[in-house]
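An overview of the molecular structure
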Amino acid sequence: MSGHDAAVGHDHHGPAAHTYQPYPVRLGIVPLGLVIFLTSEISLFGAFFLWYGHARGLNNLAWPAIGYEIPADSTSINTAILIASSFTCELAFLSLMKNRRRGLFWWLVASFVLGAIFLGLQAREYHDIGFLPTTNAQGSIFFSLTGLHGAHVFIGLTLLLFCIIRVARGHFTPKRYTGLLVTSIYWHFVDIVWILLYTLVYLLPDKVA
Amino acid sequence: MRVFLRPNLARCLWVTPFVSLTSMTLALAIRKAAGYPQLWDDGVPQQMLAIGYISGVIGFLIGIGSFDTWFPWMIGSPDRPDDHSQHGAYSWRDYFRFNTDHKVIGVQYVVTTFIAFLMGGMMAEIFRSELAHSGQGVIDTKMFNGLMSQHGTLMIFTFLVPVFAGIGNFVIPLMLGAPDMAFPRLNALSFWLLPLALLIFLSSFLVGSFEAGWTGYPPFSTEGPMGETLFEIGIQVAGASSIATAVNFLVTIITMRAPGMTLFRMPLLVWANLATSALVVAATPFIAGAQFMTMFDRVMGTKFFVPEMGGDVLAYQHVFWFYSHPAVYIMVLPGFGIISEILSVMSRKPIFGYRAIAFSSAGIALLGFSVWAHHMFASGMEDWLRVPMMISTMMIAIPTGIKIFSWLGTIWQGVLHMTTAMLFATGFIFTFVIGGVTGIWLASVPFDNHVHDTYFVVAHFHYVLFGGSVMTVFAGLYFWYPKVTGRMINEKLGRAHFWTTMISSNLVFMPMHWLGLEGMPRRVADYDPQFQNWNEVISLAAFVLGAGMLIFVYNVIVSARHGAPAGPNPYRSLTLEWQVSSPPPIFNFDIPPRVVGGPYRYGEPGAKHAIFPEPSVAKERTHA
C-alpha cells in the first residue's frame, strides 16, 4: 500500500466504523484541510501587508528608504524562475496522470531545482542590498515579508523533496496522489503570494516620487 | 528505562531540554562563525530565551509523540495500518498521553483550560485585594502589572478560546454521527500545544513578568522586561493550537457528517462552531503577525515600532485588533451554540428560528471583521475610520439581537426544566444583554472618548466575557457532564454555584460601570480615595465569586464518583450525542446512525432526529 488515499483522509476509524464513508468532497479530505489552512496563511502574510500598507499609505513611510534602493529589475529574474517552477510542478502532475514515471520524477526535480535557485538568488540579494532588518523600518518590513515568503519556499522545497523521495520509491498512482496534490497546491500558493509580494513591495512606486 | 524512549511525558523530560540546548548552542556557534566581535552581549540572553523556548516547544512535541507517525510517512516508509493503540482512554494514564480520541482530547482540553481559569482567577483575587483599598499595600506596582497582564492573557488565550475547542471536541463528532474528528493526530497535536502555551506564560514570572497587558502595545511591549518575549512566543503557540483545531473542525463539519445529516439538520452548536472556526482560521494569524513584529523588535532589533526610524506604532494596534476583535466572537459564538442546545432541550420546544440563529452566527462572523478600529477611537487613528467603524459595530447588535429574540421565543410558553444548566443558560441571557447594551454605548465615538480606558470598559468586557462566555461554558459543562462521566451532577451544589456566581459576579462588575463613569482609570495599581467605597464592595464580591468556583470543582470531583448513574439520555434529548451510552463507546457509534429529521423536534409526537438501522441488518451488511 503506498501513498495516501484521496477519498479517506486517514484510516483512523474504529472496528465498527469501517463501513463509515465521509461525505464525498471533490478535493479529498486532506487537500481540503490544506486549502483551509492556506486561508490562514494568507492572513499571516496579510498581517505584515497590513502593517506595510498602513505605514506606506497612511503613515507616509518613504519607500524605499532615502538613500537605498530596492532591486526590482534583477528580482524579475527570480520571479520568472519561481513562476516557471509552478509550471514544472504542474507538468509533473500531468506526467503522473499519464503514468509517465520518469517525467514525473524529473519534472519534480526541475521544480525543486528552480525553487532552490530562487532561494539562492534571494540570499544573494539579501547580501547585496545594502541595508539590514535593523537599519530602519523599511528594512524591517522588507526582510520580514521576503523572509516569511522565503520560509514558505523552504517548506515547499521540503515537501517537494519528500515527494521526490516517494516517487523514487514508486509511490503515487494516477488514482492515489494526495501527497503530490498537497505539495503542488502549496507550491502554487507560494508562487501566487510571491507575485503579489513582488508587485506591492518591489514595483509599487512611492507616491512622492 | 524503556519508558524514556516510548512517546510519553517521560520522553519529553529529556527531549525538550536536549532540543532546546542544542538549538541554543547551534545559535551561538553560528554567531561565532559569523564573526561577531563578542560572543555574549546584552541582546544575547533575550535571543537565547526565544530560541530555547521555540525549539523547546518542538522538542516537547517530538517527545510526546506528535510526529511518530508523520516522520515515517513523509519519507515514504511503507504504510502501517493503524492499530488504534493511541485511541481512547482505558485508564487515567491515557489522559496524559498523546491520545487521538476526540473525547479524551475534549476532556484534556477542558481540564487544562480550567487549570488556567483557576490560576487566572487567583491572580485576579490577588490584585483585587490590592485594589480593595486606596494606597499601596499588598503587592507593588510591578507585581500588579504582571498579575493584571497574566490574568487577561491566561483568561483569553488559555481559557476562553480553547475551552470551547474542548467542549466542541467532545461533542461535535458525536453530534455529527462521526467516529472521530477528520484529522485525529492533528487534533492531539493542537491540544498538546496548549499546556505549553500555559507554561510559557507562567514561566515569564521567572524572568520578569510581562506588564503590557494582554494587548501588548508597543512601546510597552518592545521595551518591557524579558517576560514580554515569552508572552509573544506563548501567543504564537496558543494561536497555532487554535488554528489547527479550527481547520480540523471545518473539515470535520464539511466531510464527516452521518448519512442524512444535511447542513440544516445540524445542531446549532455545530453551526456556531463552523462560524467560529472560519473566524479562527482567517483572523488568528493577524495576532501572530503582530507578535512576530514586536518579537523581532525585541530580539533582533528591527525597527517596526521605532518612530524615529520610520516605525509605525499605530499599525500594531490595527494588526492586533484585526484579530482581537474577531477573537471576542471566537470566545462567544460557540457559547451561543451551547445555549441554543440547552434552551431547546430544557424547554421541550423546537428551537425558534433555526435558520435565523444559524445565519446570524455567520453574520456576526462576517461583520466581526469590519469593526476592529472601535478599540482605537482614542488612539489618534485616522479620523475617517471612526464613523464607519461606529456604524458597523452597532450593526453587530442586529444578528446578536436576532439570537436573543430567538432564544426568548424558544423558552416562551415552554415546559421549563430548571436544571443547573438551564439556570446558567437563562442567567447568561440576562448578563449578556447588559454587556451587549454597554457595547452599543461604547461603539459611539463621543461616549467612548469619555470612558475610554476607564473601569466602564472593564465592566463591559467582563459582562461579555464572564457574564457571556463563562456562563455558557458552565452551562455546557453542567449539560454534558452526564455524557462525559456517565453520572448526574449534584443539582443542589450546582444551584448553589449558580446563585453565588450570578449574584457575586453582578456585584463585582456592575459597580465598575459607575466607577468608570466617574473616571477611575483601568490597569492602575492605585486610585484616588474617592473611589474607595465601591472598590471595597467589588473586592469582597470577587472573593465570594472565587469561593463559588470551589463549589463547582468539588461538585465535579465528587459527582464523578457518587452521582446517580445517568443512563444514555437523561434529558430525553434528540441530538445524536445522547443516543449512545454515557460515557460514549470508544469509537462512538457501534451502528452508524442515519439522520432523518431536524435536531429540535421536541413536542412532535414520535419525531426522530436519527435512526439506527437494526443491528441484525447492519451485521448482515458487514458480513456481505
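If you're wondering where the values come from, they're calculated on a predicted model, not measured in any experiment. (Residues numbered from 1 in each chain as written. Chains lettered and ligands numbered in written order. Predicted model: local features only at pLDDT ≥ 70, side-chain atom pairs only at ≥ 80, totals over all residues. Heavy atoms only, no water.)

Each helix and strand in chain B was counted, giving 20 helices and two strands. Taking 624 residues into account, the globule formula puts the C-alpha radius of gyration at 25 Å, and chain B, at 25 Å, falls close to it. For the C-alpha atoms alone, the extent of chain B along its principal axes is close to 80 × 60 × 45 Å. Of all 624 residues assigned to chain B, the portion counted as buried reaches 60%. Put simply, of all contacts in chain B between residues at least 6 apart along the chain, 79% involve residues at least 24 apart. Accessible surface for chain B amounts to roughly 23600 Å². Of this, 70% is attributable to carbon and sulfur atoms. (Helix = DSSP H or I, 4+ residues; strand = E, 2+ residues; numbered from the N terminus. Rg over C-alpha atoms; globule rule 2.2 N^0.38 Å. Buried < 20%, exposed > 50% of the residue type's maximum accessible area, 1.4 Å probe, protein only. Contact = heavy atoms within 4.5 Å. Areas by Shrake-Rupley, 256 points an atom, 1.4 Å probe, with all protein chains shown as cover.)

Let us look at the confidence of the model for chain A. Here chain A averages 87 in pLDDT, and 87% of its residues register 70 or above. Scored below 50 in pLDDT, residues 1-19 of chain A makes 53 contacts in the model with residues more than four places away or belonging to other chains. (pLDDT = per-residue confidence, 0-100.)

Next up on the list: a nonpolar patch on the surface. All names here are of chain B. There is a patch of nonpolar side chains on the surface, built from Met1, Val3, Phe4, Leu5, Leu13, Trp14 and Phe18 and spanning about 790 Å² of accessible area. Here Leu5 shows up in the segment before helix 1 (9-33). By relative accessible area, Leu5 is classed as exposed at 56%. (Patch = residues over 30% accessible without salt bridge, like charges linked within 9 Å, V, L, I, M, F, W, Y side chains within 5 Å. Salt bridge = Lys/Arg side-chain N within 4 Å of Asp/Glu carboxyl O.)

Attention now moves to the interface of chain A and chain B. Taken together, the 50 residues of chain A in the interface contact 62 residues of chain B. Between chain A and chain B, roughly 4600 Å² of surface is buried when both sides are summed, and carbon and sulfur atoms account for 68% of that area. Joining chain A to chain B, the criterion identifies zero salt bridges. Where chain A touches chain B, the interface holds 10 residue pairs in polar contact (both at pLDDT 80 or more). Those elements that provide at least two residues to the side of chain A that touches chain B are helix 1 (29-58) and helix 4 (137-168) of chain A. The biggest single contributor to the side of chain A that touches chain B is helix 1 of chain A, with 18 residues. (Buried area = accessible area lost by both parts, 1.4 Å probe. Polar contact = N/O pair within 3.5 Å; in protein donor to acceptor, adjacent residues only side chain to side chain.)

We now examine the packing of aromatic side chains. Residue and element names in this part refer to chain B. Counted under the stated rule, the structure contains 72 aromatic pairs over all chains. Their ring planes at 70 degrees and their centres at 5.0 Å tell us that Phe191 and Trp192 sit as a pair that is edge-to-face. The exposure class of Phe191 is buried, given its relative accessible area of 3%. A relative accessible area of 6% means that Trp192 is categorised as buried. (Phe/Tyr/Trp six-rings, centres within 6.5 Å; stacked < 30°, edge-to-face > 60°.)

This part takes up the environment of B:Val15. All names here are of chain B. Here Val15 is to be found in helix 1. Given the relative accessible area of 7%, Val15 is considered buried. C-alpha separation for the pair Val15 and Leu5, spaced 10 residues apart in sequence, amounts to 9.7 Å. Residues in contact with Val15, not counting those within four places in the same chain, are Gly59, Ile62 and Gly63.

As a further point, take the pattern of salt bridges. All names here are of chain B. All told, the structure shown has eight salt bridges over all chains when counted by the stated rule. Linking Lys142 and Glu211 is a salt bridge whose minimum nitrogen-to-oxygen distance equals 3.3 Å. Here Lys142 is found in helix 5 (residues 141-176), whereas its partner Glu211 is found in the loop between helix 6 (184-203) and helix 7 (220-223), with 69 residues between them in sequence. Judged by its relative accessible area of 53%, Lys142 is exposed.

Another aspect to go through is unusual backbone geometry. Residue A:Pro64 follows A:Trp63 across a cis peptide bond; omega there is -10 degrees. Counting through the fold element by element, A:Pro64 comes out in the loop between helix 1 and helix 2 (72-97). The step from B:Ser582 to B:Pro583 runs through a cis peptide bond, and the omega angle for that step is -15 degrees. You will see that A:Phe172, though not glycine, has its phi angle at about 70 degrees, which is positive. Position of A:Phe172 among the secondary structure elements: in the loop between helix 4 and helix 5 (178-203).

With that out of the way, let us pick up the packing of helix 3 (residues 101-128) of chain A against helix 4 of chain A. All names here are of chain A. Two elements in contact, helix 3 and helix 4, have axes whose closest approach is 10 Å; the angle formed by their N-to-C orientations is 155 degrees. Overall, the two elements helix 3 and helix 4 adopt an arrangement that is roughly antiparallel. Both helix 3 and helix 4 take part in a crossing whose hand is left-handed. (Axes fitted to C-alpha atoms, helices over the stretch in contact; angles between N-to-C directions. Parallel < 35°, antiparallel > 145°, perpendicular 65-115°, else oblique. Left-handed = near helix turned anticlockwise from the far one by under 90°.)

Looking now at the state of the cysteines. Residue and element names in this part refer to chain A. Inspection of the entire model under this criterion finds zero disulfides over all chains. The thiol sulfur of Cys89 is not disulfide-bonded, and the nearest other cysteine sulfur, from Cys163, lies at 7.9 Å. By relative accessible area, Cys89 is classed as buried at 4%. For Cys163, a relative accessible area of 3% puts it in the buried group. (Disulfide = S-S within 2.5 Å.)

Attention now goes to the packing of helix 11 (residues 333-346) of chain B against helix 14 (residues 397-411) of chain B. All names here are of chain B. Between helix 11 and helix 14, the shortest axis-to-axis distance is 9 Å and the interhelical angle comes to 15 degrees. With respect to helix 14, the axis of helix 11 lies roughly parallel. In this structure, the crossing between helix 11 and helix 14 has a hand that is left-handed. Here Leu333, Phe336, Ile339, Ser340, Leu343 and Ser344 of helix 11 lie close against helix 14, whose contacting residues are Thr400, Lys403, Trp407, Thr410 and Ile411. For the contact of helix 11 with helix 14, the per-class residue count stands at six nonpolar, four polar and one charged. (Nonpolar A, V, L, I, M, F, W, Y, C, P; charged D, E, K, R; others polar.)

This brings us to empty space enclosed by the protein. Residue and element names in this part refer to chain B. Summed over the entire model, instances satisfying the criterion amount to seven cavities of 30 Å³ or more. Taken as a whole, the largest cavity holds about 140 Å³ of empty space. Val161, Ala165, Phe249, Thr276 and Val280 are the residues nearest the centre of the largest cavity, which is lined by 14 residues in total. Elements represented by at least two residues in the lining of the largest cavity include exactly helix 5, helix 8 (227-255) and helix 9 (268-299). For the lining of the largest cavity, the residue count by class is nine nonpolar, five polar and no charged. (1 Å grid on protein atoms, 1.4 Å probe; cavity = no way out; pocket = protein on both sides within 12 Å on 5 of 7 lines; lining within 4 Å. Points joined across faces, edges and corners; volume = space filled by probe spheres on them.)

Moving on, we come to the confidence of the model for chain B. For chain B, mean pLDDT is 92; residues scoring 70 or higher make up 98% of the total. Ignoring residues within four places in sequence, the model shows residues 618-624 of chain B, a span with pLDDT below 50, making two contacts including any to other chains.

Residues and elements named next belong to chain A. Its 32 residues give helix 4 an end-to-end C-alpha distance of 46 Å, which sits within 8% of 46 Å, the value for a rise of 1.5 Å per residue. Among the 32 residues of helix 4, 23 are classified as buried, and the element is accordingly described as predominantly covered. Gly170 lies just past helix 4 and shows a positive phi near 85 degrees. (Expected span 1.5 Å × (residues − 1).)

What follows deals with helix 8 of chain B. In a regular helix each residue adds 1.5 Å, so 29 residues correspond to 42 Å; helix 8 of chain B covers 42 Å between its end C-alpha atoms and thus fits that length. Within helix 8 of chain B, 27 of the 29 residues are buried, which leaves it mostly tucked inside the rest of the structure.

Turning to the side chain of B:Ser406, a few remarks are in order. The topology assignment puts B:Ser406 in helix 14. Beyond its immediate sequence surroundings of up to four residues, B:Ser406 is in contact with B:Phe352, B:Gly353 and B:Ile357.

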